[in-house]
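Descriptive structure summary
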Amino acid sequence: MKELSLESDSRKVLVHLADLLDVGTEAATVRSNAKLGSSEADMVVDFGGLVFVVEIKKKGDAASVGQAIRHVLSGADALGSKALPLVVVPYMGDVGRKLCGEARVSWLDLSGNASLSGRPGLRIQIEGKPNRFKSPGRPQNLFAPKSARITRRLLMSPDTALTQRELAEQSGLDEGFTSRIVREMESQDLLIRDHKGAVRASNPRLLLEAWREAYDFNKHQITKGHVAARSGTELINTVARQMEAHGLIYAATGLAGAWLINPFAGYRLAILYHDESLPDKLIKELNFREESRGANLWLVRPNDSGVFQGSQERSKVQCVHPVQVYVDLKQHPERADEASEALLEMLFPHDQARMESNL
């Protein structure tokens, strides 16, 4: 695995930055580990008045990018209006790009992509270069199905601090496991503690995006098929009533869930979680035909029962919590992106101010 080293890659960053600006490296004055007010920047690079405050991270995940954004914004603020914050990672993913864009922070990656702006006449955008730093094997995942119960619970009440015992009890996890996850989340600055030791998300939006980045809906057991219905609403109500009649625990998600939470647009595809194997009688009653092409119903057996945490009835249909709907919408068809943005506006109504203050 190729990995960033601050000392060796500072030179690479300088060369890459100079190349993007079409100037020589000799035109730059560089300070490493520069103390800027209450923070410290990995590099401050001055190209004759064009000054970059640079933070280099070994990973481009949402948590690492969020940390870097906070540092470079603080450092640039200490230097004054001429300084431009710049985040550098091996490869910048979609979530990292989105976070940098919202915080108005420039970035570049050592795979060849970049987005630089912030001064009149400075606008550089390079995209489409593949990740040169892919790691073999399975990375450590704070958001694996069981571990994600901690994140989900924290995001359900983002302004409420919970003790580790409360987190364990409310998530159905043992305290030892909960303690390990909390420690790792703290090390990534995803959590903060109050004076009593209770924890809450340091930046709920960042935590949600970090979870969504690591999430893969296809890891659930998904059965795709078709049921005759005049609309998505009729379909979701029909299936919900049948599941209730058979005593099954279920909850809508995806576009159907988004519509139940915030009915801004119609939908065709209905997606429902169910807690156990569906009886043959139910399948026959629904006249469910299993098929992928033209499917209007996905019946999903989750890889962890935590998906039902925070479910509640909406318009007489059980629906998962909005944060679960948001992560489930990742890479879904139809109007999933639009539905995701509408959910974000509902979950974080003052999001721009939150991003600028917390990042």
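Scroll up to find the structure this text is about.
Below or above, wherever it landed, is the structure these notes cover. Remember, predicted model here, so these are calculated numbers, not experimental data. (Residues numbered from 1 in each chain as written. Predicted model: local features only at pLDDT ≥ 70, side-chain atom pairs only at ≥ 80, totals over all residues. Heavy atoms only, no water.)

Quick look at the overall build of the chain
Per the secondary structure count, the chain includes 13 helices and 16 strands. For the chain, the C-alpha atoms occupy an extent of roughly 75 × 50 × 40 Å along the three principal directions. For the chain, the exposed surface amounts to about 17100 Å²; the carbon and sulfur share of it is 46%. Each charge class in the chain can be summarised by its mean position, and for the 46 positive and 46 negative side chains these summaries are 2 Å apart. (Helix = DSSP H or I, 4+ residues; strand = E, 2+ residues; numbered from the N terminus. Areas by Shrake-Rupley, 256 points an atom, 1.4 Å probe, with all protein chains shown as cover. Lys, Arg positive; Asp, Glu negative; His and termini not counted. Charge placed at Lys NZ, Arg CZ, Asp CG, Glu CD.)

Observations concerning the pattern of salt bridges
The tally for this structure, following the rule as stated, stands at 12 salt bridges. Linking E209 and K98 is a salt bridge whose minimum nitrogen-to-oxygen distance equals 3.6 Å. Placement of the pair is E209 in helix α7 (residues 204-214) and K98 in helix α3 (residues 94-103), with a sequence separation of 111 residues. Of the residues examined, E209 reaches a relative accessible area of 2% and is grouped as buried. The class for K98 is partly exposed, based on a relative accessible area of 27%. Residue E209 pairs with R205 through a salt bridge whose shortest N-O separation is 2.9 Å. Residue E209 and its partner R205 are both found in helix α7; the two are separated by 4 residues, about one turn of the helix. The residues E209 and R205 share a single accessibility class, namely buried. (Salt bridge = Lys/Arg side-chain N within 4 Å of Asp/Glu carboxyl O. Buried < 20%, exposed > 50% of the residue type's maximum accessible area, 1.4 Å probe, protein only.)

Let's talk about empty space enclosed by the protein
A full pass over the atoms with the stated rule returns 1 cavity of 30 Å³ or more. Here the largest cavity defines a volume of roughly 40 Å³. Lining the largest cavity, in full, are L255, A258, W259, F264, A265, G266, Y267, R335 and A339. Top element by residues in the lining of the largest cavity is helix α9 (residues 254-261). It accounts for 3 residues. Per-class residue counts for the lining of the largest cavity are 7 nonpolar, 1 polar and 1 charged. (1 Å grid on protein atoms, 1.4 Å probe; cavity = no way out; pocket = protein on both sides within 12 Å on 5 of 7 lines; lining within 4 Å. Points joined across faces, edges and corners; volume = space filled by probe spheres on them. Nonpolar A, V, L, I, M, F, W, Y, C, P; charged D, E, K, R; others polar.)

Some details on the side chain of K57
Looking at where K57 falls in the secondary structure, it is placed in the loop between β3 (50-56) and α2 (62-79). A distance of 3.2 Å separates a polar atom in the side chain of K57 from a polar atom in the side chain of Q67. (Polar contact = N/O pair within 3.5 Å; in protein donor to acceptor, adjacent residues only side chain to side chain.)

Focus: the layout of surface pockets
Roughly 390 Å³ of volume is contained in the second largest pocket. Within the residue set of the lining of the second largest pocket, elements represented by two or more residues are α3, α7 and α12 (336-347). When grouped by side-chain class, the residues that make up the lining of the second largest pocket number 2 nonpolar, 3 polar and 8 charged.

Points about the packing of aromatic side chains
The final tally for this structure, using the stated rule, is 6 aromatic pairs. Look at F217 and Y273: their rings are 6.3 Å apart centre to centre, the planes differ by 50°, and that puts the pair in the tilted class. Within this pair, whereas F217 is found in the loop between α7 and β10 (221-226), its partner Y273 is found in strand β12 (residues 270-274), the two being separated by 56 residues in sequence. For the pair F217 and Y273, one class covers both residues: buried. Aromatic side chains Y273 and F308 sit 6.3 Å apart centroid to centroid with 70° between the ring planes, which places their arrangement in the edge-to-face category. (Phe/Tyr/Trp six-rings, centres within 6.5 Å; stacked < 30°, edge-to-face > 60°.)

A short note on the sheet that holds strand β5 (residues 106-109)
A sheet is described by the order of its strands in space; here 7 strands give the open sequence β1-β2-β3-β4-β5-β6-β7, paired in mixed fashion. In the strand order of this sheet, the two ends are held by β1 (29-36) and β7 (123-126), each with one partner. Recorded for the sheet is a direction-independent mean angle of 25° between the axes of neighbouring strands. Two strands pair when backbone bridges link them, and strand β4 (residues 83-89) and β5 are joined in this way by 4 bridges, in the parallel orientation. Paired with L86 across the bridge in β5 is S106. Contacting β1, β2 (39-47), β3 and β4, α2 runs over the sheet at an angle of about 155° to β4. (Pairing = 2+ DSSP bridges. Axes fitted to C-alpha atoms, helices over the stretch in contact; angles between N-to-C directions. Contact = heavy atoms within 4.5 Å.)

Observations concerning the packing of α2 against α7
Here α2 crosses α7 at 145°, and the two axes come no closer than 8 Å. Of α7, the residues touching α2 (which contributes A62, A63, G66 and R70) are L206, E209, A210 and E213. Classifying every residue of the contact of α2 with α7 gives 4 nonpolar, 1 polar and 3 charged.

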